[in-house]
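Analysis of the macromolecular model
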Amino acid sequence: MNEPLLDIQNLRVDFHTDGGVVHAVRNVSITLAPGEIRGLVGESGSGKSVTSLSVLGLLGTPRARVEGGAIVFRGENLLDKTEKEMRGIRGSHIGLVSQNALSALDPSFTIGAQLIEVIRLHQKVGKETARKKALESLELVALPDPARRMKAYPHELSGGQRQRVVIAIALACRPELLLADEPTTALDATVQKQILDLLLEINRELGTAILIVTHDFGVVSHVCSQVTVMRHGEVMEAGTTAAVLEEPKHPYTQGLMSAVPKLHLDDATRAVPRSNRRLYEFKQLVSAQGETR
Ligand code: ADP
Ligand code: MG
């Protein structure tokens, strides 16, 4: 088997709060092969964001402490890296679409300026080359009329278009791995599906491995070949999406799945072999949602 691109091993993260120690992530292990799309799914507060932010060393508060484990990326433990070394990895090798990404765009700068800034931060290129790369990134995320949009401000774009820009920024330096934390949660169902399809397209075209963090099993079934289920800071189960959907080992996983509304079975569904049926239902559900709004 190929060496994993990302291998999180027994990660433990605590928050030292005034009220005591919170064990936010408890012995979590997750692997991602090059080019793989894995879902990290669980109810709110289960430790998904803390796990993914740990990969980038972006926990953002001195109260957060990684107490144990390893985060091996391309064969090296990121927990051993200095802050300077991590700056060379963030953006260049691991891109992030953070949970509140839509508000991460700066309202006072054009889309083009923000993209160019990110590119020049990570790559030693001149302004013109950076501009060309910025335009290419907007083309990559299929933003209509990208040359004109370079000059637009965030408020001039729709929510879906802004999310495309956020993804363009995360991919501007063509990282091998993209961490996408709830990339579609703030969007309505039609746009959700378009953004998920875009992530699939990027995965196919560039071979970018993607860790999609979500509370929504519909998202997982639409795009992820593998899934890890978390609850209360622990991994409940992991495996291929088809296997977990067909035979969830934990009642918790079943509960997460039943939170997605049931779809009416039609003739086409009955033609699908049982082993694939649940996956198929979820896919149908996601596309049906896309059509009805
Ligand atoms: P989610 O699965 O919704 O992304 P998070 O990873 O954001 O959950 O948070 C997991 C848990 O970590 C929370 O339930 C909370 O107990 C703890 N936590 C997260 N951020 C902080 C913080 N800044 N201070 C204290 N505890 C935190
Ligand atoms: Mg979160």
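In what follows, the accompanying structure is described.

What counts, and where the lines are drawn
- Residues numbered from 1 in each chain as written.
- Chains lettered and ligands numbered in written order.
- Predicted model: local features only at pLDDT ≥ 70, side-chain atom pairs only at ≥ 80, totals over all residues.
- Heavy atoms only, no water.
- Helix = DSSP H or I, 4+ residues; strand = E, 2+ residues; numbered from the N terminus.
- Buried < 20%, exposed > 50% of the residue type's maximum accessible area, 1.4 Å probe, protein only.
- Salt bridge = Lys/Arg side-chain N within 4 Å of Asp/Glu carboxyl O.
- Donors = N, O, S within 2.8 Å, 3.2 Å for Na, K, Ca; no water.
- Core = buried A, V, L, I, M, F, W, Y, C linked by side-chain atoms within 4.5 Å.
- Contact = heavy atoms within 4.5 Å.
- Pairing = 2+ DSSP bridges.
- Axes fitted to C-alpha atoms, helices over the stretch in contact; angles between N-to-C directions.

A few words on the environment of Glu136. With respect to the helices and strands, the residue Glu136 is situated in helix α4 (residues 127-140). We classify Glu136 as partly exposed; its relative accessible area is 36%. Between the C-alpha atoms of Glu136 and Pro146, which are ten residues apart in sequence, the distance is 8.6 Å.

Once that is clear, we can look at helix α1 (residues 48-55). Taken across its eight residues, α1 has seven buried, putting it largely inside the fold. Restricting attention to buried positions, one finds in α1 the residues Lys48, Ser49, Val50, Thr51, Ser52, Ser54 and Val55. Note on α1: the residue one or two positions beyond its end, Gly57, has a positive phi of about 65 degrees.

Evaluated as defined, the whole model comprises ten salt bridges. The salt bridge partner of Glu43 is Arg231, with a shortest N-O separation of 3.8 Å. With a gap of 188 residues between them, Glu43 in the loop between β3 (37-41) and α1 and Arg231 in strand β9 (residues 226-231) connect regions that are remote in the sequence. A relative accessible area of 30% places Glu43 in the partly exposed class. We classify Arg231 as partly exposed; its relative accessible area is 30%. For the salt bridge of Asp197 with Lys193, the shortest nitrogen-to-oxygen distance reads 3.1 Å. Of this pair, Asp197 and Lys193 both sit in helix α7 (residues 189-206), four residues apart, which is roughly one turn of the helix. Assessed through its relative accessible area of 28%, Asp197 is described here as partly exposed.

Each donor-metal-donor angle in an ideal tetrahedron of four donors is 109.5 degrees, and each such angle in an ideal octahedron of six donors is either 90 or 180 degrees. Here the magnesium ion (ligand 2) is held by Ser49 (OG) and Gln99 (OE1), and the distances to it run 2.1 to 2.4 Å. Of this pair, Ser49 sits in helix α1 while Gln99 sits in the loop between β6 (94-97) and α3 (111-122), and the two are 50 residues apart along the sequence.

Grouped together as the largest cluster of nonpolar side chains are 49 residues, with contacts concentrated most on Ile167 and Phe217. For this core, the element with the most residues is helix α6 (residues 159-171), which contributes seven residues. Not counting the four nearest positions on each side in its chain, Ile167 is found in contact with Val97, Val141, Ile195, Leu198, Leu199 and Ile202. Counting residues in hydrophobic clusters, the runner-up holds 29 residues, among them Leu6, Phe15, Val25 and Ile89.

A separate point is the sheet that holds strand β7 (residues 177-181). In space, the six strands of this open sheet follow the order β6-β7-β8-β3-β9-β10, with mixed pairing throughout. A single partner strand is all that each edge strand has here, and the edge strands are β6 and β10 (234-240). Strand after strand, the sheet turns through a mean of 15 degrees between neighbouring axes, direction not considered. Two elements, β6 and β7, share four bridges in a ladder whose sense is parallel. Pairing of Gly95 across the sheet is with Leu178, part of β7.

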